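Survey of secondary and tertiary structure
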Number of protein chains: 2
Amino acid sequence: MENDRLNAGKSITIYDIAEEAGVSASTVSRVLNGSASVRKEKKDRIQSIIDKYNFKPNALAKGLSDTATKTIGIIAADVRNPYYSALFVACEIAAEKAGYSVGLANSLGVKEREQSQLDLLLQQKVDAIIQMGGRVDDLITDDAYAEKVRSVCASTPVIVTGKLDKAPVHRVVIDEAEGMSLVMEHLIGLGHSKIALVGGEMRVASTFYKYQRYQEKLNAHGIKVNGEYVVNGSYDPESGYDATNKILALKDRPTAIIAINDFAASGALRSIREHGLRVPEDISVVSFDNTYIADLMSPKLTSIDYNYDKYGQKLIDTAVAVSAGKEVEDLQMVEPVLVIRDSTGACYN
Amino acid sequence: MENDRLNAGKSITIYDIAEEAGVSASTVSRVLNGSASVRKEKKDRIQSIIDKYNFKPNALAKGLSDTATKTIGIIAADVRNPYYSALFVACEIAAEKAGYSVGLANSLGVKEREQSQLDLLLQQKVDAIIQMGGRVDDLITDDAYAEKVRSVCASTPVIVTGKLDKAPVHRVVIDEAEGMSLVMEHLIGLGHSKIALVGGEMRVASTFYKYQRYQEKLNAHGIKVNGEYVVNGSYDPESGYDATNKILALKDRPTAIIAINDFAASGALRSIREHGLRVPEDISVVSFDNTYIADLMSPKLTSIDYNYDKYGQKLIDTAVAVSAGKEVEDLQMVEPVLVIRDSTGACYN
DNA sequence: TTGAAAGCGCTAACAC
DNA sequence: GTGTTAGCGCTTTCAA
């Protein structure tokens, strides 16, 4: 190794502190962790030396001897998506309050990455793993992935934001159907009955559940389901744009559009504008996720919010509790809330 | 501890592998790292046992005995901002390619957090720290912070995306002035001479440099600088909105607006629309950062891009090189590029 | 090529 | 209360 320079910053250890204080390392350890009582006099002396050097114990050594690292690994589908970044930051803050630190890895929709990231977190001996999005979004659990997670669960608790059959994970999930109920009641209450659904894939559980409830609600209100009003696709602006173009080409246009998320909604808005229609006068738009994008759009979007702070808190609470061996419900629900802004209005047709 | 259940998943160690293979732990270590030659026969046998159990060495133990952890800590101002999330993911990908993993901490604009996060990363023995945004954005370096970083630098290389006087850090920064030059040449080339600047704070270095170049360019083109055309504020939509409202209230309205970032630009667009003006027919809008927001807006925004992939790569290359003790230039520049979309057009006034 | 032994920095019995 | 000792799991001399 050619990094002689670096070794200049040779870090100070608990032994250095002990020596200068004229005590043993264990005593220093005790004041560091408050794990046992130390005579006030010594304690103060030791503490002052710790402060003097701004000594921080080596987390690796600590984690190696302890059974816990006070670290929670988070695998997110993609933090560039504001949904995940909002949730991640909420987790980071909640974790910090609980004395934990978090690690982040992005799977970017690549199955292999999810698996290798699980391995990496295992190597790092995180106390728990939170998986947000990715394979756990699948309506039909991928067998190989479930198998992998099962083996991980043997040593480390796993908490997911979706579903994962045949693996002993804890789940903290959004009540998607309830979210759709809120949206439908809102629109129907405004007088809409021609309601379209754009974006999303049915292989994704959250989308499927929304779709189911969408149909249920239409039926419950005696509204005929029009297959042409549902155009699936993906979760990006383009997808919302394309789907909306198709829908606006119908002879019998809907008066309201539900976008699978804020990104798709932005595309829908663009399409609507290009068709010379106004929102919400001619057509209402609602979306899911209530990321800051909803607030950026003109008009500002009515959207389903999940209270990211609470959601993150729940995720962390669960991770902490489970890793401490406590009993926690396998399934916890996050209740969505409808945030009404300027993109929805009464139906005049 | 009540987590008996967890200990069931007692992880397998290098000794277990060694025992089953009938060799010593050192030999297993050697095949694991390819650090020395092991007889083919043994090597294969050991490898197959490793594969069989999908054994992954404990990173804590490894980091403790090694001098490197192959981990890079990243402190970002706020990953919820797409600028940082794009950069972070680019870093993650680049790091992965180099055999490193990254950790992320958000300082959220809180000075104390930045400092405590530095300590945390130090404890975790990361090989290098990359600080993006936060105190390093300050035009005037905060003394206490510089002092802190200086002490960190003694043991761990620090790379920043901004400036930090009096601390031996490496810098990988955007050529802000060049970005502004591109913007100004573009607008002036389109015939604009009444150009406004909205959002941003002068205490932030990147903003200040942009402002300087803005003035230089006006002067160079013989355009009189109109103080009313510069309305500072912050970096969010509201700020862009408020600033633009002020500017559009002027008797002599500008024909082009430069927003400090995409968020501010979104607010500017809203204000312009509310004034019944069209973009780009009545007024052109350009912004900085070219986050995906630029693509979400209607019209899509002309914006300055930094090529996040390359930027992240440079950051990681620097971190890896410096932590290996290699000589690296103290200051590296990232060249911006103008991405022209639909929000800018010729000036007809 | 391979194994034994020491050590990385810290914690946790166990004695005193 | 406090020191001693023995690990935690891995790497790395040093011998053989």
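Definitions and limits used
- Residues numbered from 1 in each chain as written.
- Chains lettered and ligands numbered in written order.
- Predicted model: local features only at pLDDT ≥ 70, side-chain atom pairs only at ≥ 80, totals over all residues.
- Heavy atoms only, no water.
- Near = heavy atom within 4 Å.
- Polar contact = N/O pair within 3.5 Å; in protein donor to acceptor, adjacent residues only side chain to side chain.
- Helix = DSSP H or I, 4+ residues; strand = E, 2+ residues; numbered from the N terminus.
- Nonpolar A, V, L, I, M, F, W, Y, C, P; charged D, E, K, R; others polar.
- Core = buried A, V, L, I, M, F, W, Y, C linked by side-chain atoms within 4.5 Å.
- Buried < 20%, exposed > 50% of the residue type's maximum accessible area, 1.4 Å probe, protein only.
- Contact = heavy atoms within 4.5 Å.
- Expected span 1.5 Å × (residues − 1).
- Arc of directions from axis to C-beta.
- UniProt positions renumbered as here; feature names shortened; annotations may be inferred.
- Phe/Tyr/Trp six-rings, centres within 6.5 Å; stacked < 30°, edge-to-face > 60°.
- Lys NZ or Arg CZ within 6 Å of the ring centre and 35° of its normal.

Points about the protein's contact with DNA strand C
- Taken together, 26 residues lie around DNA strand C, and I14 of chain A together with T27, R30, S37 and R39 of chain B are the ones closest in.
- When the atoms of DNA strand C within 4 Å of the protein are grouped by moiety, sugar and phosphate amount to 69% of the total.
- Between DNA strand C and the protein, one listed contact pairs a base nitrogen with a side-chain N or O atom of Y15 of chain A at 3.2 Å.
- S29 of chain A is positioned with one of its side-chain polar atoms (N or O) 2.7 Å from a phosphate oxygen of DNA strand C.
- Listed by contribution, the elements that provide at least two residues to the surface near DNA strand C are α2 (14-21), α3 (25-33) and α5 (59-65) of chain A together with α3 (25-33) and α5 (59-65) of chain B.
- For the surface near DNA strand C, the per-class residue count stands at eight nonpolar, 11 polar and seven charged.

What about the nonpolar core?
- Ranked by internal contacts, the top residues of the largest apolar core, which has 144 residues, are F88, Y214 and I258 of chain A together with F88, Y214 and I258 of chain B.
- Here F88 of chain A is in contact with I74, V79, V102, G103, L104 and M132 of chain A together with V79, L104 and N106 of chain B, once residues within four sequence places are set aside.
- By size, the runner-up hydrophobic cluster in this structure holds 16 residues, among which are I129, C153, V158 and V169 of chain B.

A short note on the side chain of Q131 of chain B
- Secondary-structure assignment places Q131 of chain B in strand β3 (residues 128-132).
- Within polar-contact distance, the side chain of Q131 of chain B engages the backbone oxygen of G133 of chain B at 3.3 Å.

Re helix α4 (residues 40-53) of chain B
Residues and elements named next belong to chain B.
- With 14 residues, α4 extends 20 Å between its outermost C-alpha atoms, agreeing within 8% with the 20 Å of an ideal straight helix rising 1.5 Å per residue.
- Of all the positions in α4, only I46, I49 and I50 are classed as buried. Relative to the axis of α4, the buried residues are bounded by an arc of 100° and lie together on one face. Facing away from the buried side of α4 by over 90 degrees, the exposed positions are K40, E41, D51 and K52.

Examining the UniProt feature "domain: HTH lacI-type" (unreviewed entry) in chain A
- Mapped onto this structure's residue numbering, the UniProt feature "domain: HTH lacI-type" (unreviewed entry) falls at residues 12-66 of chain A.
- This span, residues 12-66 of chain A, is 69% helix and 0% strand, and a straight line between its end C-alpha atoms measures 20 Å.

A look at the protein's contact with DNA strand D
- The local shell around DNA strand D holds 25 residues, among which S26, T27, R30 and R39 of chain A together with I14 of chain B are the closest.
- In DNA strand D, atoms within 4 Å of the protein come from the sugar-phosphate backbone in 65% of cases.
- Within the residue set of the surface near DNA strand D, elements represented by two or more residues are α3 and α5 of chain A together with α2 (14-21), α3 and α5 of chain B.
- When the residues that make up the surface near DNA strand D are grouped by side-chain class, the tally is eight nonpolar, 11 polar and six charged.

What to know about the packing of aromatic side chains
- Following the criterion strictly, the structure yields 14 aromatic pairs over all chains and no others.
- With a centroid separation of 6.3 Å and an interplanar angle of 25°, the aromatic rings of Y211 of chain A and Y214 of chain A are classed as stacked. A residue pair is termed a helical-turn pair when its members lie 3 or 4 positions apart in one helix, as Y211 of chain A and Y214 of chain A do in helix α10 (residues 205-220) at three residues.
- Judged by relative accessible area, Y211 of chain A falls into the partly exposed class, the value being 21%.
- Taking the centre distance of 6.0 Å and the plane angle of 75° together, the rings of Y306 of chain B and Y308 of chain B count as edge-to-face. Accessibility assignment for this pair places Y306 of chain B and Y308 of chain B in one class, buried.
- Just above the ring of F288 of chain A sits the side chain of K210 of chain A; from NZ or CZ to the centre is 4.5 Å.

Regarding unusual backbone geometry
- Going from S298 of chain A to P299 of chain A, the amide bond is cis rather than trans, its omega being -10°.
- Secondary-structure assignment places P299 of chain A in the loop between α13 (293-296) and β10 (302-305).
- For N54 of chain B, which is not glycine, the phi torsion reads 50° and is therefore positive.
- A positive phi angle, near 55°, is found at K70 of chain B, a position not held by glycine.
- Mapped onto the secondary structure, K70 of chain B falls in the loop between α5 and β1 (71-76).

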